[in-house]
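Given next are the chains, with one letter for each unit.
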Amino acid sequence: MKIFKSKQKLQKEILYEKNISFVPTMGSLHKGHEFLIKKSKKIGGKTLVTIFVNPKQFNKKSDYNNYPRNIKNDLILLKRLKVNFVYIPNKREIFSFKPNKSVFLDKVSKKLCGQFRKGHFEGVLDVVNRFLEILNPKRIYLGKKDFQQLYLIKKHIQKRKIKTKVIACKTIREINGVACSSRNKRLNKKQLRIASQVYKFLFKIKKKSKLNLNILKRKILRFGVNKIDYLEIYNVESFRKGLKLNTNTNIFVSYHLGKVRLIDNI
Ligand code: AMP
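Residues numbered from 1 in each chain as written. Predicted model: local features only at pLDDT ≥ 70, side-chain atom pairs only at ≥ 80, totals over all residues. Heavy atoms only, no water.

Some details on unusual backbone geometry
Not every positive phi belongs to a glycine, and Ser-28 is a case in point at roughly 50°. Within the fold, Ser-28 resides in the loop between strand 2 (20-25) and helix 2 (31-42). Taking relative accessible area as the criterion, Ser-28 reaches 3% and is therefore assigned buried. Of note in this structure, Asn-136 is not a glycine but carries a positive phi near 45°. In this fold, Asn-136 is placed in the loop between helix 7 (120-135) and strand 5 (139-143). What makes Asn-136 exposed here is its relative accessible area of 58%. (Helix = DSSP H or I, 4+ residues; strand = E, 2+ residues; numbered from the N terminus. Buried < 20%, exposed > 50% of the residue type's maximum accessible area, 1.4 Å probe, protein only.)

Quick look at the structure:
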């Protein structure tokens, strides 16, 4: 496994690599990231993982500062997974150049998380656009856990005619149902129990055809959730809001447990 901090050295190394699978991460790796990496390894070619906590996608400085970081453990895991290249840039490396392509920001960016995290998706797309230009990967592996992000990156890649293929990967969960997330590390035992209750409840009610979202919200708050940003039904193809569940819809939720904000779609 080769580790790079310098863009120049990395680009020299991968100049003739035509089959790179790119797995972008913010580190503090967990089973969700592991799944993406294993999937990319299966297809052949070389796997390149980036670890970069992108300051532009945090709308609160405190959230950026408190984001869990654990490079030492991450590198142990990446080595075990036999990742070929790891790129750990600093902010200057990423932001000091003008990308050739501008960011395409689909109007879906204004929905759900876009309403509660101003500038978040602009920040995500800005950095993904830069990474795509630096790495020119054949494929990019992204998780459905961050469905809105996945949708917007796909749209950007389509609209800007970028050749990278998007591989969408299923959400990996803990045994208690909670979607694996770096932010889970900031939850205490009680909060983890509540997060599990929320998942199990939404999973169960997904089988019903008629839902009253306000009643559901009240129930979730009674579990001990501090605040719900949104609880909505969306079509996963068109990303239009719906009132009824069907095979093409998911329940999208974002809620707060103490200072930690979690998202999921079920
Ligand atoms: P992050 O480090 O949180 O920015 O995530 C990096 C990539 O891993 C993104 O494409 C996420 O959607 C994906 N990811 C995060 N959590 C999970 C999960 N529980 N299951 C599958 N993919 C995930």
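Now that the structure has been shown, we can carry on.
Focus: the packing of aromatic side chains
Note on aromatic pairs: each is described by the distance of the centres and the angle between the planes. A full pass over the atoms with the stated rule returns 16 aromatic pairs. Measuring from centroid to centroid gives 5.0 Å for Tyr-151 and Phe-239, while their planes differ by 55°, and the two rings are tilted. Residue Tyr-151 is found in helix 8 (residues 147-159), and its partner Phe-239 is found in the loop between strand 7 (227-235) and strand 8 (241-242); the two are separated by 88 residues along the sequence. For Tyr-151, a relative accessible area of 12% translates into the label buried. Accessibility expressed as a relative area gives 0% for Phe-239, which makes it buried. Taken together, the ring pairs connect Phe-22, Phe-52, Tyr-87, Phe-95 and Phe-131 into an aromatic cluster. Residue placement shows Arg-69 over the ring face of Tyr-64; its charged tip is 4.8 Å from the ring centre. Here the basic side chain of Arg-130 rests over the ring of Phe-97, its NZ or CZ set 5.2 Å away from the ring centre. (Phe/Tyr/Trp six-rings, centres within 6.5 Å; stacked < 30°, edge-to-face > 60°. Lys NZ or Arg CZ within 6 Å of the ring centre and 35° of its normal.)

Some details on the environment of Asn-214
Considering the arrangement of structural elements, one finds Asn-214 in helix 10 (residues 213-223). The sequence separation of Asn-214 and Gln-57 amounts to 157 residues, and the corresponding C-alpha distance is 30 Å.

A few points about the sheet that holds strand 2
Reading across the sheet, the six strands line up as 1-4-3-2-5-6 and stay open at both edges, with parallel pairing between neighbours. The outermost strands of the open sheet, each flanked by one partner alone, are strand 1 (2-4) and strand 6 (165-169). Here the average twist between neighbouring strands, direction ignored, is 25°. As defined by bridge partners, strand 2 adjoins strand 3 (residues 46-51) across six bridges and the pair is classed as parallel. Residue Val-23 lies in a different strand from strand 3, and its bridge partner there is Val-49. Taken strand by strand, helix 4 (residues 71-80) contacts strand 1, strand 3 and strand 4 (85-87), and its axis lies near 170° from that of strand 3. Across the sheet, helix 8 lies against strand 5 and strand 6, angled at about 155° from strand 5, the strand it touches most. (Pairing = 2+ DSSP bridges. Axes fitted to C-alpha atoms, helices over the stretch in contact; angles between N-to-C directions. Contact = heavy atoms within 4.5 Å.)

Quick look at the pairing of strand 7
Counted residue by residue, strand 7 has eight buried out of nine residues, so it is predominantly covered. As paired strands, strand 7 and strand 9 (residues 249-257) are joined by eight bridges and run antiparallel to one another. Considered in strand 9, the bridge of Lys-227 is made with His-256. Of the strand pairs in this sheet, strand 7 and strand 8 are connected by two bridges, and their pairing is antiparallel. Considered in strand 8, the bridge of Ile-233 is made with Gly-242. Where strand 7 folds back on strand 8, the antiparallel hairpin that results is connected by five residues, among which Phe-239 adopts a positive phi of roughly 55°.

Observations concerning the site of the ligand
Lining the immediate surroundings of the ligand are 17 residues, of which Met-26, His-33, Asp-146, Ile-172 and Cys-180 lie closest. Separating an oxygen atom of the ligand from a backbone N or O atom of Gly-143 is a distance of 3.0 Å. In the environment of the ligand, an oxygen atom lies 2.6 Å from a nitrogen or oxygen atom belonging to the side chain of Asp-146. (Near = heavy atom within 4 Å. Polar contact = N/O pair within 3.5 Å; in protein donor to acceptor, adjacent residues only side chain to side chain.)

A closer look at the domain arrangement of the protein chain
Its domain assignment divides the protein chain into domain 1 (2-169) and domain 2 (182-265). The centre of domain 1, based on its C-alpha atoms, is set 26 Å off from the matching centre of domain 2. In this complex, domain 1 contributes 22 residues to the contact, which on the side of domain 2 involves 17 residues. On the domain 1 side of the interface with domain 2, the three residues burying the most area are Leu-112, Phe-116 and Phe-147, jointly 33% of the side's total. Between the two partners, domain 1 and domain 2, sit one salt bridge. Of the charged contacts in the structure, one is a salt bridge between Arg-183 and Asp-63, with a shortest N-O distance of 2.9 Å. Inspection of the region where domain 1 meets domain 2 yields eight residue pairs in polar contact (both at pLDDT 80 or more). For the side of domain 1 that touches domain 2, the element with the most residues is helix 8, which contributes three residues. (Domains from an automatic or database assignment. Buried area = accessible area lost by both parts, 1.4 Å probe. Salt bridge = Lys/Arg side-chain N within 4 Å of Asp/Glu carboxyl O.)

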